[in-house]
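# Topology and contacts: notes
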Amino acid sequence: MYYASLRSIASFTPSRCVPNSEFEKTLDTSDEWITKRTGIRTRYFALDSQGSSDLGVEAARLAIKRANLESSDIDLVICATLSPDFAAMPSNACLISAKLGIQNIPAFDISAACTGFIYLLKIAKSFIESGAYQNILIIGAEKVSSVLDFSDRGTCVLFGDGAGAAIISRTKDKAESILDVHISANGKYADLLMTPQKADKAPSKDSSDTNHDIHYNGKLQMKGNEVFKYAVRTLIADVEHILSKNAISPKDITHFIPHQANLRIINAVGEQLALKESQIVLTVQKYGNTSAASIPMAIDEIYREHRLKKGDLLLLDAFGGGFTWGSALLHF
Ligand code: ACO
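Residues numbered from 1 in each chain as written. Predicted model: local features only at pLDDT ≥ 70, side-chain atom pairs only at ≥ 80, totals over all residues. Heavy atoms only, no water.

Helix and strand content of the protein chain: ten helices and 13 strands. The C-alpha atoms of the protein chain give 19 Å as radius of gyration, which agrees with the globular expectation for 332 residues (20 Å, within 12%). Looking at the 332 residues of the protein chain, the share that counts as buried comes to 55%. Contacts in the protein chain between residues far apart in sequence, at least 24 positions, make up 75% of those at least 6 positions apart. As displayed, the protein chain offers around 14300 Å² of accessible surface, 50% of which is attributable to carbon and sulfur atoms. Computed over 35 positive and 37 negative side-chain charges, the inter-centroid distance for the protein chain is 2 Å. (Helix = DSSP H or I, 4+ residues; strand = E, 2+ residues; numbered from the N terminus. Rg over C-alpha atoms; globule rule 2.2 N^0.38 Å. Buried < 20%, exposed > 50% of the residue type's maximum accessible area, 1.4 Å probe, protein only. Contact = heavy atoms within 4.5 Å. Areas by Shrake-Rupley, 256 points an atom, 1.4 Å probe, with all protein chains shown as cover. Lys, Arg positive; Asp, Glu negative; His and termini not counted. Charge placed at Lys NZ, Arg CZ, Asp CG, Glu CD.)

Structural data, given as structure tokens:
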């Protein structure tokens, strides 16, 4: 019997730090509004010359090194992104593989928006447990700034760029494994959060009961308030389900590492589980919402701060466009 383990974690943050005050120059917004409603104070944006694959390759290189592996030891590469270098092909996973000198192994992208990293964990865990692969490189890489409408104050202040990567490896030791991953989706709410391109097919009228105007400009559009309400309800139900299914009490969680979209969403879930402040990992203030990169970036943040120890029990959750959502329980 094979188990899958999180063997290493790494992240990469682009260099340009953008404080809330920068948006005050061009938009009817304020540092106070953004901080109060979201918790976000700064985010980092990639340079024009950097694609999400460039951010991803930096995180991936470090994850391979921290796993004490060579690129040639990797037998599958999967990338989650909503902001790939190329809309349809080639995939970011192929681009990242090539930049790492990895050839002749499978590589593909997945589309699950902000839930991308949880989906990656589910796929990697299944492939490892089936015996198909031994060392899987998973990457959440985002240049969300490339799909932001900088005239829309309701979305452009929320997001940041970055990448996180992990090596998921085969182990025989259940005590250091990924215990459970739950993923789900409901396409009925697709048009509450989307990036419609000019060439895209319009969603059918019954795809949602909200019927708001969609602008086909390739930029991220969100009904934030409606997403917020659905996200809180869904995330609470999802984490309660995964905990009870695995007979784990919230107090046994060492680190709760949620997708970093909004401090108020994170706190609502934390309060429902009666988690202590010390159990909740927060990076949203610093990086904003980096979509599929946010969870691995947050895990790496506590790794770099020496707060992550072997054997720690992690609870992850995420919610994003689609809608998609999921949660995971794993030992480090
Ligand atoms: N500055 C100032 N005012 C603003 C701003 C801004 N940046 N943005 C919106 N407002 C205004 C609105 O226009 C509105 O004004 P009105 O009352 O005159 O109409 C008012 O603030 C309140 O707007 P709401 O949308 O109701 O504000 P809310 O408290 O819901 O906060 C937010 C908005 C932060 C977007 C919140 O709804 C949220 O976090 N939603 C969830 C986001 C999320 O989790 N997305 C999923 C993951 S992302 C992914 O998958 C890619």
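Once the structure has been displayed, the description carries forward.
Below, the discussion takes up the environment of Y287. By secondary structure assignment, the location of Y287 is in helix α9 (residues 284–287). Between the C-alpha atom of Y287 and that of S249, which follows or precedes it by 38 residues, the distance is 30 Å. For Y287, the contacting residues outside a window of four places in its chain are T13, T42, R43, Y44, G160, M297, E301 and R304. One polar contact links Y287 to E301, side chain to side chain, over a distance of 2.8 Å. (Polar contact = N/O pair within 3.5 Å; in protein donor to acceptor, adjacent residues only side chain to side chain.)

Attention shifts here to the site of the ligand. Taken together, 28 residues lie around the ligand, and T29, R37, C114, N225 and N262 are the ones closest in. R37 has a polar side-chain atom sitting 2.7 Å from an oxygen atom of the ligand. Relative to its unbound accessible surface of 1000 Å², the ligand loses 75% to contact with the protein. Where the shell around the ligand is concerned, the elements lending two or more residues are α2 (31–38), α6 (153–156), α7 (224–245), α8 (263–272) and β12 (313–320). Looking at side-chain class alone, the shell around the ligand contains 14 nonpolar, ten polar and four charged residues. (Near = heavy atom within 4 Å. Nonpolar A, V, L, I, M, F, W, Y, C, P; charged D, E, K, R; others polar.)

What follows is about the pattern of salt bridges. For the coordinates displayed, the defined rule picks out eleven salt bridges. A salt bridge links R153 to D28, with the shortest nitrogen-to-oxygen separation between them at 3.5 Å. Note that R153 is positioned in helix α6 and D28 in the loop between α1 (21–24) and α2, a separation of 125 residues in sequence. R153 sits in the partly exposed class, given a relative accessible area of 47%. One continuous salt-bridge network, built from bridges that share partners, spans R66, K286, D300, E301 and R304. (Salt bridge = Lys/Arg side-chain N within 4 Å of Asp/Glu carboxyl O.)

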